[in-house]
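The chain contents come next:
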Amino acid sequence: MTAPTDSARKVAELLRGQKFGFLTTTTPEGKLTSRPMSLQEVEFDGDLWFFAEAHAPWLAHIAASPQVNVGVGSGGSWISLTGHAVVVSDVAKKKDLWNAGVEAWLPQGPEDPSVVLVKVDGDSAEYWDSPGNRLATAFSFVKAKATGSQPDTGEHEKVDL
């Protein structure tokens, strides 16, 4: 990957510390479906990593249509990342990302072939970063309503990764 832009660094900053995201895939019938997933990679370089069970039915969605979306958000920050997903069976990478949280869901361990990774190679992202926390965001909306102005929605940008 080339050197990240300031915008890509902002996406990385907003993703840092996030624990969960919604991974959206497309079913064979063309419908979008999402599931909550635990984010595994701490240092964002354009890729996101998730653990899954090899027999999970939704992995077939990725095989048929690898274009996915990952939605992440908390407090006053939200990120929507689009990219292409691939199922990875690399034992060394599984060991590298393995942690106690994963072991709670997948006690068979990283060397077991029933445990796989899903790598999302990010193409683009869109983020919204509201000033302050939820209380500050709520106050901004109340102030806007009282004054008849638009609320301060903070930063919003579309980013190519």
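Residues numbered from 1 in each chain as written. Predicted model: local features only at pLDDT ≥ 70, side-chain atom pairs only at ≥ 80, totals over all residues. Heavy atoms only, no water.

## Some details on the overall build of the protein chain
For the record, the criterion: Counting from the N terminus, the helices are the DSSP runs of H or I reaching at least four residues and the strands are the DSSP runs of E reaching at least two. Surface accessibility in these figures is a Shrake-Rupley result with a 1.4 Å probe; residues are shielded only by whichever protein chains are displayed.
For the protein chain, the helix and strand inventory stands at 5 helices and 7 strands. N-terminal to C-terminal, the α/β element order of the protein chain is α-β-β-β-α-β-β-α-α-β-α-β. With an accessible surface of roughly 9,300 Å², the protein chain has 56% of that area assigned to carbon and sulfur atoms.

## Focus: the nonpolar core
Threshold: In this text, buried Ala, Val, Leu, Ile, Met, Phe, Trp, Tyr and Cys residues form a nonpolar core when linked through side-chain atoms within 4.5 Å. The buried label applies to any residue whose accessible area, calculated with a 1.4 Å probe on protein chains only, is under 20% of its type's maximum; exposed applies above 50%, and partly exposed to all values in between. Between two residues, a contact is recorded if the distance between any of their heavy atoms is within 4.5 Å.
Leu 48, Trp 58, Val 118 and Val 120 are the most contacted members of the largest nonpolar core, which has 28 residues in total. Of all the elements in the fold, those that place two or more residues in this core are helix 1 (6-15), strand 3 (47-53), helix 2 (59-64), strand 4 (67-74), strand 5 (77-88) and strand 6 (115-129). Setting aside chain neighbours within four positions, we find Val 120 in contact with Leu 23, Gly 46, Asp 47, Leu 48, Phe 50, Val 68, Val 70, Leu 81, Gly 83, His 84 and Ala 85.

## Details of the packing of aromatic side chains
Condition: When two rings of Phe, Tyr or Trp (its six-membered ring) have centres within 6.5 Å they constitute a pair, described as stacked for plane angles under 30 degrees, edge-to-face for angles over 60, and tilted for the intermediate range.
Counted by the stated rule, this structure contains 1 aromatic pair. Seen in terms of ring centroids, Phe 51 and Trp 98 are 5.3 Å apart; in terms of plane orientation they differ by 90°. Their pairing is edge-to-face. Placement of Phe 51 in strand 3 and of Trp 98 in the loop between helix 3 (91-97) and helix 4 (100-105) is noted, with a sequence separation of 47 residues between them.

## Side note on the pairing of strand 1 (residues 20-26)
As a reminder of what qualifies: Two strands are counted as paired when DSSP detects at least two bridges linking them.
Pairing of strand 1 with strand 2 (residues 32-38) involves 7 bridges; the strand directions are antiparallel. From the neighbouring strand, Thr 26 faces strand 2, where its bridge partner is Leu 32. The hairpin turn running from strand 1 into strand 2, its antiparallel successor, is 5 residues long, and Gly 30 in that turn takes a positive phi close to 90°. Taken together, the 3 bridges between strand 1 and strand 4 define a ladder with antiparallel strand orientation. If you follow Phe 22 over to strand 4, its bridge partner there is Gly 71.

## Section: a negative patch on the surface
As a reminder, the rule being used: Patch construction takes residues with relative accessible area above 30% that form no salt bridge. Like charges are linked within 9 Å, and nonpolar side chains (Val, Leu, Ile, Met, Phe, Trp, Tyr) are linked within 5 Å. Each reported salt bridge corresponds to a side-chain nitrogen of Lys or Arg within 4 Å of a carboxyl oxygen of Asp or Glu. His is not counted, nor are the chain ends; Lys and Arg add positive charge and Asp and Glu add negative charge. Taken as the charge centre is NZ of Lys, CZ of Arg, CG of Asp or CD of Glu, depending on the residue.
On the surface, Asp 45, Asp 121, Asp 123 and Asp 160 cluster together into a negatively charged patch. Assessed through its relative accessible area of 39%, Asp 121 is described here as partly exposed.

## Overview of the pairing of strand 4
Relative to strand 5, strand 4 runs antiparallel, the two being bridged by 8 bridges. Bridge pairing in strand 5 places Gly 73 opposite Trp 78. Hairpin remark: strand 4 followed by strand 5, antiparallel, with 2 residues in the connecting loop; positive phi at Gly 75, about 60°.

## Observations concerning the side chain of Ser 7
Here Ser 7 lies in helix 1. You can call Ser 7 buried: its relative accessible area is 17%. Here Ser 7 is in contact with Tyr 127, Glu 157 and Val 159, once residues within four sequence places are set aside.

## Some words on the pattern of salt bridges
Counted according to the given criterion, the structure contains 7 salt bridges. One salt bridge in this structure joins Lys 10 and Asp 129, with 2.7 Å as the shortest N-O distance. Linking Lys 10 in helix 1 with Asp 129 in strand 6, this pair joins segments that are 119 residues apart in sequence. Given a relative accessible area of 14%, Asp 129 falls into the buried group. Here Glu 155 makes a salt bridge to Lys 10, at a shortest N to O gap of 3.2 Å. Within this pair, whereas Glu 155 is found in strand 7 (residues 155-160), its partner Lys 10 is found in helix 1, the two being separated by 145 residues in sequence. Judged by its relative accessible area of 38%, Glu 155 is partly exposed. Exposure remark for Lys 10: the relative accessible area of 12% places this residue in the buried category.

No statement about biological role is implied by the geometric values presented.
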